Each structure stands twice: as structure tokens, then as C-alpha cells.
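Next come the chains, spelled out residue by residue.
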Protein chains: 4
Amino acid sequence: MSYARQMLDTYPGAFGVDATVLAAAIDALSDCAQACTTDVDADLSEQNPAEMVRCIRLCLDCADVCTATLGVTSRQADYDSDVTKPLLLACVAICKSCGDECERHAQHYEHCRVCEQACRRCERACRELLDALK
Amino acid sequence: MSYARQMLDTYPGAFGVDATVLAAAIDALSDCAQACTTDVDADLSEQNPAEMVRCIRLCLDCADVCTATLGVTSRQADYDSDVTKPLLLACVAICKSCGDECERHAQHYEHCRVCEQACRRCERACRELLDALK
Amino acid sequence: MSYARQMLDTYPGAFGVDATVLAAAIDALSDCAQACTTDVDADLSEQNPAEMVRCIRLCLDCADVCTATLGVTSRQADYDSDVTKPLLLACVAICKSCGDECERHAQHYEHCRVCEQACRRCERACRELLDALK
Amino acid sequence: MSYARQMLDTYPGAFGVDATVLAAAIDALSDCAQACTTDVDADLSEQNPAEMVRCIRLCLDCADVCTATLGVTSRQADYDSDVTKPLLLACVAICKSCGDECERHAQHYEHCRVCEQACRRCERACRELLDALK
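Below is a short write-up of the structure.

All right, on to the relation of the copies chain A and chain C then. Mapping chain A onto chain C calls for a rotation angle of 180 degrees and an axial translation of 0.0 Å; the resulting RMSD is 0.0 Å. The symmetry that links the two subunits is that of a two-fold axis. Taking the C-alpha atom as reference, chain A places Ser30(A) closest to the rotation axis, 3.5 Å from it.

Rendered as C-alpha cells:
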């Protein structure tokens, strides 16, 4: 069981969403931020970094947005839909863009394939959390 | 002149928004994230931290969202409105909530007054950037 | 297999340390940052937050230092011991302090026990990475 | 007066270091993290990003370490020299390396000159804080 799930199962307060959906989102956000940070470095190590500029930028944006979404969704008390919903929408959008760009490079670069998978999983998990919060 | 403005004035690419508006947002986001981080610590040092729990949580959320928005708006090339706009909306919403909560404590705690000012300025600067990006 | 391990296995450059040790550190840092962020929120939800102030501060510091160490160790090319070694030392120290403080509360609060475990594992993984880098 | 200085002047607890030195470090860390984040994006926009790979990596490391140091030094209560000193040493080292690399490019790229200045100022401010904490 992930730390996220264990923390939710021992949380003293109530949170208005299914713990399985929330823990899945927290784990996916954490993994996606980490994969994107590493993919930036892998892209920079390729022979022609100029081809990877767009991928690097999207990975940097994706890591930043996932990190903020991770923090906000980990603090479930005082949940505010005016903050959480647009933040999750921004996260879904950047995971989609970053996943699409990584897919373009996945044939040549295995690290982009791994990063694409992390982005796709995070996009799905954030959509499911958005639906559960409605 | 702030570093943000100097960096924008020496930026090699084009960015589709007025540099004055963008630099003002970047500076306000950076200051607001810092003020919120410090206000959490100041709140924890007050005699009755239980009264400050909501303020602490909002400051933590505000710092996280401002930091992500700072990163994304600082990378102006490959601007994507599907990411930047909801992110700025989330940032406006949390700056508003956090500023309102800090205002409630501002009479008793000067540090909350300072943090409120940073939140209000950041909320305005993000709204202006949102308008400029339309 | 974690994303960290998959990313290292597909990394285009060389890195001067055993991939198993490095991936274990990256995974432990990511989990510890997440556990500490969540534990802050759980501490704030307890009946007497005043008793948890030291735990909250240490968890905030631990999350910040783990996040930076995660970023730097994920970028293995251009490794610089003058940066990485003191950073890992700071991370070992804060994981030790935060783990000790969480242990004090673990009998009463299960979330602190989970966080303690994440801190202990991260402390060990960072020590092993430090040894491997010597 | 910066927000950092205003927050310190209204801080409810005691902190064992001169407020002028501490506020100067906090402001310099915040500015340096921001300058490095923007310089990464500027480097990626140059005609030959391959020449800028080392600069990009150092700027990413510098932003991460400055951000963590900013958080830890902003939480002055429960100051722990086993954490803060190695963290400040790591920060001095990365600001020095990043400043040196930016200086190499400063003749051709004005954005690297601005970033170099932010790194040099942050290196000095962290050294002064280290001395003040002894």
C-alpha cells in the first residue's frame, strides 16, 4: 500500500471524496512530477537537444503543475472547489500536452515512453478525481 | 528594476503579452509565495495555533499554487492557454481566499496584514495577466 | 518497477553511481516529501494543534529538503560533490529529526507512524547514496 | 522594504540571527530561484541549445536548492544547525557553479549576465548568513 493511501487511512479529519480515487491521484501526481523532472535531464543528454526543446518545456511545466496539485489535493480539509477544480483542469491539460509530446519521441527514446505513461496515468487519475469531486 | 523585468528585457524569444504586465505578475507571485511560507511559520508561533489552522492551510495552498504559476508564466515560449488560464484562475481564487482569511487576523497579527497585502497584490497581478492573455 | 528505476534504465548518459542505490534514493525522497506534506495536514486536524507545532515545522522542512534533493539527484549528469554531498547530509539530518519527532507522536497518531517510516527509509537511502558517491 | 523584512519585523517568536542578514538572504534566495527558472527558458530559446546544456542543468539545480533553502531559512523557530548549515553550504556551492557558468555566456547572452548577478548576490548572502549563524 502506498504512503498516500496509508496517510489517508489514518487521517484524523473527514474528506469529502472516495479515498481510493484520492490516493490514486496523489500517487500518480507524485510519480508524474518525478518522471517529468528526470525526463528533462534525459532529453538534455540526447545528441540533439534542439529537437527536444518543446518536450523539455512541457516536462518542466508538467512537473510544476503536478507538484502544486499534489500539495493542494493532499490537504483535503477546507476543500475549495474554486481552487481545486481549475488546478485539476490545468493539470489534466498539461499532462495531456506533455504526454502527447513524449509520445512523439517515444519511438526513439525509451525515457520519453516511460514519461508518456506517467503523464497518461496522471491525466486519467486527475480526471477521475475531478469527477468524484463534482 | 526587478530580475524578472531584466530577464524579460533580455529574453531571446518572443512572448505574446506585454512585458510590464508579465513582469509584475512574476514579481507578485514570487513575493506572495514567500510571504505565505513565512506567514505559516508566524502563525505556528502564535499563542493559540488552533485559531490559525485555516490560515495555515490556505497559506500552504497559496504558496504551492503561486510557485507553480510562477514557473509556468516564467516559461513564456510555447504558451498554452488550456494550461495557463485555469492555473491563473486557481491562483486568483486561492489569493482571494488566503487574503480574506489573513484580513480576519490582521487586526491582531501584523504578519497576517503583510501577508494579506502580498495576496491582494498577487490576485490583482494575476487578473491583469489573465486579461492581457485574452 | 518504479518510474525512477525505469527512467534510469533508459537514461542516455552515464551516471557514476549504482542504478539500484540511486533509484532507491529517488523513490524514498519522493515518498518522504509526500508523506511529510500529508502529515502536516493531518497534524493540523488533531484536537490540539499546539502540541504538534514542532512536528509540523519539521515536516515542512523535511518536505522542502527532500524535494530539492530529489531534483538534484535526478539530474545525474554534471554531478558535483560540493553540492550533492552537503545536500544529502542536510537531508539525512532533517529525515532523522523529523523521524524522531514523528516517533514521539506515533503511539497516539497513526499518521505520524506512517510518516516516521517514510523518514527512516529516506534517511537510510540517502546515507547509502552518500556512501556510494564516495 | 521587502515582504521578507516586513514579515521578520512582525514575527511573534524570537530568531537567533540578525534580521537584516536573514532578510537579505531570503530576498536573494527568492530572486535567484526566479532568475534561474527564467534563464533555463531563455537558454532553451537560443539558436544552439546544445551549448547551453550545462548552464540549463546548473540553473535547474540552483533553483531547486535555493527554493529549499528559502523555505528552511524562512522557518526560523526550531533552528537546527545540522540541517541549515549543510543546506546553506550546498546553496553557496551551486550558486558559485551556476554563477561561473552564466559568466562564461554573459558576453553573448544578456540573460546569463542577469542570472549571474542573481547567483553572485545569493552566494554572498548565504555566506553572510552562515557566518551570522556560527
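Moving on from the model shown.
A few words now on the interface of chain D and chain B. Taken residue by residue, the interface counts 33 residues in chain D and 33 residues in chain B. In this assembly, chain D packs against chain B so that about 2,800 Å² is buried in total across both faces, 67% of it on carbon and sulfur atoms. On the chain D side of the interface with chain B, the three residues burying the most area are Tyr3(D), Met7(D) and Gln34(D), jointly 27% of the side's total. Applying the counting rule to chain D against chain B returns 0 salt bridges. Where the side of chain D that touches chain B is concerned, the elements lending two or more residues are helix H1 (3–9), helix H2 (19–45), helix H3 (53–74) and helix H5 (110–133) of chain D.

On to the interface of chain A and chain C. On the side of chain C, 33 residues touch chain A, which itself brings 33 residues to the contact. Buried surface at the junction of chain A and chain C, summed over both partners, amounts to about 2,800 Å²; 67% is from carbon and sulfur atoms. The largest contributions to the chain A side of the interface with chain C come from Tyr3(A), Met7(A) and Gln34(A), which together make up 27% of the buried area. Our enumeration of links across chain A and chain C arrives at 0 salt bridges. Here chain A is connected to chain C by 10 residue pairs in polar contact (both at pLDDT 80 or more). Among the secondary structure elements, those contributing two or more residues to the side of chain A that touches chain C are helix H1 (3–9), helix H2 (19–44), helix H3 (53–74) and helix H5 (110–133) of chain A. Broken down by element, the residue count for the side of chain A that touches chain C peaks at 10 residues, all from H2(A). Partitioned by chemical class, the residues of the side of chain A that touches chain C number 13 nonpolar, 13 polar and 7 charged.

This paragraph deals with the packing of helix H2 (residues 19–45) of chain B against helix H3 (residues 53–74) of chain B. Residues and elements named next belong to chain B. Packing of H2 against H3 brings their axes to within 8 Å, and their N-to-C directions diverge by 155 degrees. Overall, the two elements H2 and H3 adopt an arrangement that is roughly antiparallel. Judged by the sense of rotation from one axis to the other, the crossing of H2 with H3 is left-handed. On H3, the residues that touch Leu22, Ile26, Leu29, Ser30, Cys32, Ala33, Cys36, Thr37, Asp39, Val40, Asp43 and Leu44 of H2 are Cys55, Ile56, Cys59, Leu60, Cys62, Ala63, Cys66, Thr67, Thr69, Leu70, Thr73 and Ser74.

Turning to empty space enclosed by the protein, a few remarks are in order. In the structure shown here, the tally under the stated rule is 5 cavities of 30 Å³ or more. For the second largest cavity, the calculated volume is near 80 Å³. Of all elements in the fold, only helix H3 (53–74) of chain C together with H3 and helix H4 (81–105) of chain D reach the threshold of two or more residues within the lining of the second largest cavity. Of the residues that constitute the lining of the second largest cavity, the class distribution is 5 nonpolar, 3 polar and 4 charged.

Mapped onto the secondary structure, Arg75(D) falls in the loop between H3 and H4. At a separation of 2.7 Å, a polar atom in the side chain of Arg75(D) contacts the side chain of Asp61(C). Apart from residues lying up to four places away in sequence, Arg75(D) is in contact with Thr37(B), Asp41(B), Arg57(C), Leu60(C), Asp61(C) and Asp64(C).

The next subject is the relation of the copies chain D and chain B. Superposition of chain D onto chain B requires a rotation of 180 degrees combined with a translation of 0.0 Å along the rotation axis, giving an RMSD of 0.0 Å. Take the interface residues of chain D: 100% of them recur as interface residues in chain B, which is what a same-surface contact looks like.

As a further point, take the pattern of salt bridges. Following the criterion strictly, the structure yields 52 salt bridges over all chains and no others. When the shortest N-O distance is used, the salt bridge between Arg5(B) and Asp9(B) registers 3.0 Å. With Arg5(B) and Asp9(B) both in helix H1 (residues 3–9) and 4 residues apart, the pair spans about one turn of that helix. The shortest N-O distance in the salt bridge between Arg104(B) and Glu101(B) comes to 3.0 Å. In this pair, Arg104(B) and Glu101(B) both sit in helix H4 (residues 81–106), 3 residues apart, roughly one turn of the helix. For Glu101(B), a relative accessible area of 5% gives the class buried. Here the salt bridges do not stand alone but share partners, grouping Lys96(A), Asp100(A), Glu103(A), Glu116(A) and Arg120(A) into one network.

Here is what the cut-offs are and how they apply
Residues numbered from 1 in each chain as written. Chains lettered and ligands numbered in written order. Predicted model: local features only at pLDDT ≥ 70, side-chain atom pairs only at ≥ 80, totals over all residues. Heavy atoms only, no water. Least-squares fit on C-alpha atoms with pLDDT ≥ 70 in both. Contact = heavy atoms within 4.5 Å. Buried area = accessible area lost by both parts, 1.4 Å probe. Salt bridge = Lys/Arg side-chain N within 4 Å of Asp/Glu carboxyl O. Helix = DSSP H or I, 4+ residues; strand = E, 2+ residues; numbered from the N terminus. Polar contact = N/O pair within 3.5 Å; in protein donor to acceptor, adjacent residues only side chain to side chain. Nonpolar A, V, L, I, M, F, W, Y, C, P; charged D, E, K, R; others polar. Axes fitted to C-alpha atoms, helices over the stretch in contact; angles between N-to-C directions. Parallel < 35°, antiparallel > 145°, perpendicular 65-115°, else oblique. Left-handed = near helix turned anticlockwise from the far one by under 90°. 1 Å grid on protein atoms, 1.4 Å probe; cavity = no way out; pocket = protein on both sides within 12 Å on 5 of 7 lines; lining within 4 Å. Points joined across faces, edges and corners; volume = space filled by probe spheres on them. Buried < 20%, exposed > 50% of the residue type's maximum accessible area, 1.4 Å probe, protein only.

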